[in-house]
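# Summary of the model geometry
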Amino acid sequence: MEQEKQNNAQHFLDLIQKSRKGKFKVYIGMSAGVGKTYRMLQEAHTLLKNGIDVKIGYIETHFRKETHELLDGLPIIPRRSLFYKGKQLEDMDVQAIINLRPEVVIVDELAHTNMEGSKNEKRWQDVLEILDAGINVISALNIQHIESLNQDVKRITSVDVQERVPDNVLRLADEVVNIDLTAEDLIARLREGKIYTADKIQTALNNFFKPDQILQLRELALKEVASQVVRKVENEVKPTAGLRHEKLLACISSNDTTAKIVIRKAARLASYYNCSWYVLYVETPKESSDKIALDKQRYLINNFKLATQLGGEVLKISSPDITETMLKIVTEKHITTVCIGKPHFNLIKVILSTTIFRRLLNSLSLSNVDLVILS
């Protein structure tokens, strides 16, 4: 009885804390130049005209004339300065924003890496701090900066984007808006000098701004925003009785490359289904900490960190029997879908032996659990 009272009290406290947090709106675009910053500044003017205390926490106009002109009449919180390695650097002043407590603050470039010496390494961490202070935030990022899409973007553009935002940050958004342009319109804006200066236009056309690449990035952006809308509906609309609630289990080995693929793709599936998910690594005797190579240990730790950043819960279990451990976790965690990698890494080699694999399939089938092989 006492435990029930504590649980009820904690639930109510959680509701209070949630209501005190600021609302979070994110503009997503397929690339630079689609108009995310322009739209945020337009919204800031509208809010100001309606009596809302809105301030610019950080904006990057890239000296685009039309965008820069929209700064006129908007209150801007001065940036903080730091002299570092012979250079005068500027960045967003998080503490000044929290002290001033505007109703709404505009924070551009969510994926930005802060300058050395900052309290937080990334701007998205600054935004979480501002939201926790009860201040509403409007921000923006390009689709290539979403962590779980990193490999998709690399495949499309041949660029390994270094500044990335964990998917679970985007899940916190109360509203996600896609700023969409056709490939033709975006390239026309580029040629007209509305995105980059004249000396950079041809380079951009030869590299990132190719019609086929833009189309693929546009598709990624549209899918991402669509999945956010589905998630919002599922969170706010009463679930249908008898509907299966998905829970994913991603099984990885010490193979770094495949583990990353499985983790990122499982994160995308979990995002699509708006469900909780786990990453399972079974440490066999031959991969115990005193036997496994140091570089593999490091890769494993990095992959555990990646899974956590993407919103997964990591399960590291020591056992000589990988299949038995998988089935045990499936039962304990009420898993509906098991995700594994292609048959070229150690875990698959173990379970693909005829007897073991048949046992795995039979057990999952009897439990109405799906098996997904991620390539």
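Just so it is clear, the structure is predicted and the values come from calculations on it, not from any experiment. (Residues numbered from 1 in each chain as written. Predicted model: local features only at pLDDT ≥ 70, side-chain atom pairs only at ≥ 80, totals over all residues. Heavy atoms only, no water.)

## Observations concerning the overall build of the protein
We count it as follows: Per the convention used, a helix needs a DSSP run of H or I reaching at least four residues, while a strand needs a run of E reaching at least two, with both numbered from the N terminus. Relative accessibility decides the category of a residue: with a 1.4 Å probe and only protein chains considered, values under 20% of the type maximum give buried, values over 50% give exposed, and everything between is partly exposed. Whether two residues touch is decided by their heavy atoms; if any such pair falls within 4.5 Å, the residues are in contact. Working definition of accessibility: Shrake-Rupley area with a 1.4 Å probe, residue cover restricted to the visible protein chains.
Helix and strand counts for the protein stand at 15 helices and twelve strands. Within the span of the protein, comprising 375 residues, buried residues form 47% of the whole. Of all intrachain contacts in the protein linking residues separated by at least 6 positions in sequence, the fraction that spans at least 24 positions is 73%. Just so you have it, the protein exposes about 20100 Å², and 52% of that area is on carbon and sulfur atoms.

## Let's talk about helix α2 (residues 36–49)
Put simply, the test is: Working rule for helices: expected span equals 1.5 Å times residues minus one.
In this model α2 runs 20 Å from its N-terminal to its C-terminal C-alpha over 14 residues, within 8% of the 20 Å that 1.5 Å per residue would give. If you check which residues of α2 are buried, you get Lys36, Thr37, Met40, Leu41, Glu43, Ala44 and His45. Once α2 ends, the next one or two residues include Gly51, with phi positive near 80°.

## Quick notes on the packing of helix α11 (residues 256–273) against helix α12 (residues 294–309)
To keep things clear, this is the line we draw: Between N-to-C directions, angles cover 0 to 180 degrees, with each direction set by a line fitted to C-alpha atoms, over the stretch in contact for helices. Reported orientations rely on four angle classes, namely roughly parallel under 35 degrees, roughly antiparallel over 145, roughly perpendicular from 65 to 115, and oblique for the rest. Ten residues, namely Ala, Val, Leu, Ile, Met, Phe, Trp, Tyr, Cys and Pro, are considered nonpolar, four, namely Asp, Glu, Lys and Arg, are considered charged, and the remaining ones, Gly among them, are considered polar.
Contact pair α11 / α12: the axes reach a minimum separation of 10 Å and the direction vectors enclose 5°. Taken as axis vectors, α11 and α12 run roughly parallel relative to one another. Where α11 abuts α12, its residues Asp256, Ala259, Lys260, Ile263 and Arg264 lie against Tyr299, Asn303, Leu306 and Ala307. Split by residue class, the contact of α11 with α12 holds five nonpolar, one polar and three charged.

## What to know about the packing of aromatic side chains
Under the convention used in this document: When the centres of two rings from Phe, Tyr and Trp lie within 6.5 Å, Trp using its six-membered ring, the rings pair. Their planes under 30 degrees apart give stacked, over 60 give edge-to-face, and anything left gives tilted. Our definition puts a charge over a ring when NZ of Lys or CZ of Arg is within 6 Å of the ring centre and also within 35 degrees of the ring normal.
Under the counting rule described, the total for this entry stands at three aromatic pairs. Aromatic side chains Phe208 and Phe209 sit 5.7 Å apart centroid to centroid with 65° between the ring planes, which places their arrangement in the edge-to-face category. For the ring pair Tyr281 and Phe304, a centre distance of 6.0 Å and an interplane angle of 55° mean the geometry is tilted. Taken together, the residues Tyr281 in strand β9 (residues 276–283) and Phe304 in helix α12 connect sequence positions 23 residues apart. When sorted by exposure, Tyr281 lands in the same class as Phe304, which is buried. A cation over an aromatic ring shows up here: Arg79 above the ring of Tyr58, its NZ or CZ 4.0 Å from the ring centre. Between Arg123 and the ring centre of Tyr58, over which it is positioned, the NZ or CZ distance is 3.8 Å.

## Looking at the pairing of β9
Under the convention used in this document: Two strands are said to pair when DSSP picks up at least two bridges between them. Orient the strands so they point away from the viewer, and a crossover whose first-strand-to-second-strand path over the helix runs clockwise is right-handed.
The element β9 is largely enclosed, with a buried count of seven among its eight residues. Bridge count for strand β8 (residues 247–252) against β9 is six bridges, and the pairing is parallel. Bridge pairing in β9 links Ala250 to Val279. In this view, the connection linking β8 to its parallel neighbour β9 by way of α11 has right-handed handedness. Inspection of the sheet shows β9 paired to strand β10 (residues 313–318) by six bridges, in the parallel sense. By the bridge assignment for β10, Glu283 is matched with Ser318. One crossover worth recording links β9 to the parallel β10 by way of α12, and it is right-handed.

## Regarding the pattern of salt bridges
Inclusion rule: A carboxyl oxygen of Asp or Glu within 4 Å of a side-chain nitrogen of Lys or Arg is what we treat as a salt bridge.
Summed over the entire model, instances satisfying the criterion amount to 19 salt bridges. Among the salt bridges present, the one from Arg155 reaches Asp152, with a minimum N-O distance of 3.7 Å. Note that Arg155 and Asp152 are positioned in helix α6 (residues 150–157) at a spacing of three residues, about one turn of the helix. We classify Arg155 as exposed; its relative accessible area is 55%. Taking the relative accessible area as the measure of exposure, Asp152 reaches 23% and is therefore partly exposed. For Asp167, the salt bridge identified is with Arg268, shortest N-O distance 3.5 Å.

## Structural notes on the sheet that holds strand β5 (residues 104–107)
With respect to topology, five strands assemble into an open sheet ordered β2-β5-β6-β1-β7, the strand pairing being parallel. Only two strands of the sheet have a single neighbouring strand rather than two, namely β2 (54–58) and β7 (175–179). The mean inter-strand angle of the sheet, taken between neighbouring strand axes irrespective of direction, is 20°. Relative to strand β6 (residues 136–142), β5 runs parallel, the two being bridged by four bridges. For Ile106, the partnering residue across the bridge sits in β6 and is Ile138.

## A short note on α6
We count it as follows: It is the directions from the helix axis to the C-beta atoms that the arc portrays.
Buried within α6 are the following residues: Asn150, Val153, Ile156 and Thr157. Down the axis, α6 shows its buried residues gathered within 130° of arc, on one side only. A positive phi of about 65° marks Ser158, the residue just after α6.

## Digging into the environment of Ile195
Counting through the fold element by element, Ile195 comes out in the loop between α8 (183–191) and α9 (198–206). Separated by 131 residues in sequence, Ile195 and Arg64 have C-alpha atoms that sit 6.7 Å apart. When neighbours within four sequence positions are excluded, Ile195 is seen to be in contact with Ala32, Gly33, Arg64, Leu186, Arg189, Leu190 and Phe209.

## Focus: the packing of α8 against α9
With their axes 9 Å apart at the nearest point, α8 and α9 run at an angle of 155° to one another. Overall, the two elements α8 and α9 adopt an arrangement that is roughly antiparallel. Two secondary-structure elements touch here, α8 through Ile187, Leu190 and Arg191 and α9 through Ile201, Ala204 and Leu205. In terms of residue class, the contact of α8 with α9 is built from five nonpolar, no polar and one charged.

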